[in-house]
Amino acid sequence: MATMTAAQRREQARVEYDAFLRSCPTNQLLDRISDKWVSLVVSALAPGPLRYSDLGRKIAGVSPKMLTQTLRSLERDGLLTRTVTPSVPVRVDYELTPLGHSLALLLTAVKDWAETHFDQVRDARDRYDTENPDD
């Protein structure tokens, strides 16, 4: 049996990724990027960097704890950078990385789709609820 380098093992694993398998790392990544707060944070940062407080104001309903957790997970995944500028008070800016911008194209499109088609979805829900009152 031939010995494989770490790079060869990673490449073999990449070829074998299957997001339909719960144990696959791509399944876990899909779980992360399909989170509502992730979508909104990435979409909010798509035009350019924002401060923490600006993000909190822009994204209605996000708690400080959830915003902090979301930002940390996105930074860990390499989707955004956090820049601290020493001042009084300290200034913290968040900005998408090139990887984050590639994701922003998709998530912003999903956000835009939801905003464009919500009336149709609401009408479908109303029809369904009328036709299936026991559900």
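Check the entry above for the structure.
In this report, the structure presented in the accompanying data block is examined. This is a predicted model, so every value here is computed, not measured. (Residues numbered from 1 in each chain as written. Predicted model: local features only at pLDDT ≥ 70, side-chain atom pairs only at ≥ 80, totals over all residues. Heavy atoms only, no water.)

Considerations on the overall build of the protein chain
1) Next: Along the backbone of the protein chain there are six helices and three strands.
2) Next: Shown N-terminal to C-terminal, the secondary structure of the protein chain runs as helices and strands in the order α-α-α-β-α-α-β-β-α.
3) Next: Its C-alpha atoms give the protein chain a radius of gyration of 20 Å, clearly above 14 Å, the size a compact globule of 135 residues would have.
4) Next: For the protein chain, the C-alpha atoms occupy an extent of roughly 65 × 55 × 25 Å along the three principal directions.
5) Next: Each of the 135 residues in the protein chain was classed as buried or not, and the buried ones make up 24%.
6) Next: Of the contacts formed within the protein chain by residues at least 6 apart in sequence, a portion of 41% connects residues at least 24 apart.
7) Next: The averaged location of the 19 negative side-chain charges in the protein chain is 10 Å from the averaged location of its 18 positive side-chain charges. (Helix = DSSP H or I, 4+ residues; strand = E, 2+ residues; numbered from the N terminus. Rg over C-alpha atoms; globule rule 2.2 N^0.38 Å. Buried < 20%, exposed > 50% of the residue type's maximum accessible area, 1.4 Å probe, protein only. Contact = heavy atoms within 4.5 Å. Lys, Arg positive; Asp, Glu negative; His and termini not counted. Charge placed at Lys NZ, Arg CZ, Asp CG, Glu CD.)

Notes on the pairing of strand S3 (residues 91-96)
1) Next: Inspection of the sheet shows strand S1 (residues 50-51) paired to S3 by two bridges, in the antiparallel sense. Residue pairing across strands places Arg51 opposite Asp93, the latter belonging to S3.
2) Next: Bridge analysis of strand S2 (residues 80-85) against S3 gives six bridges, and the strand direction is antiparallel. Residue pairing across strands places Thr83 opposite Asp93, the latter belonging to S3.
3) Next: Counting the residues that bridge the hairpin from S2 to S3 gives five residues. (Pairing = 2+ DSSP bridges.)

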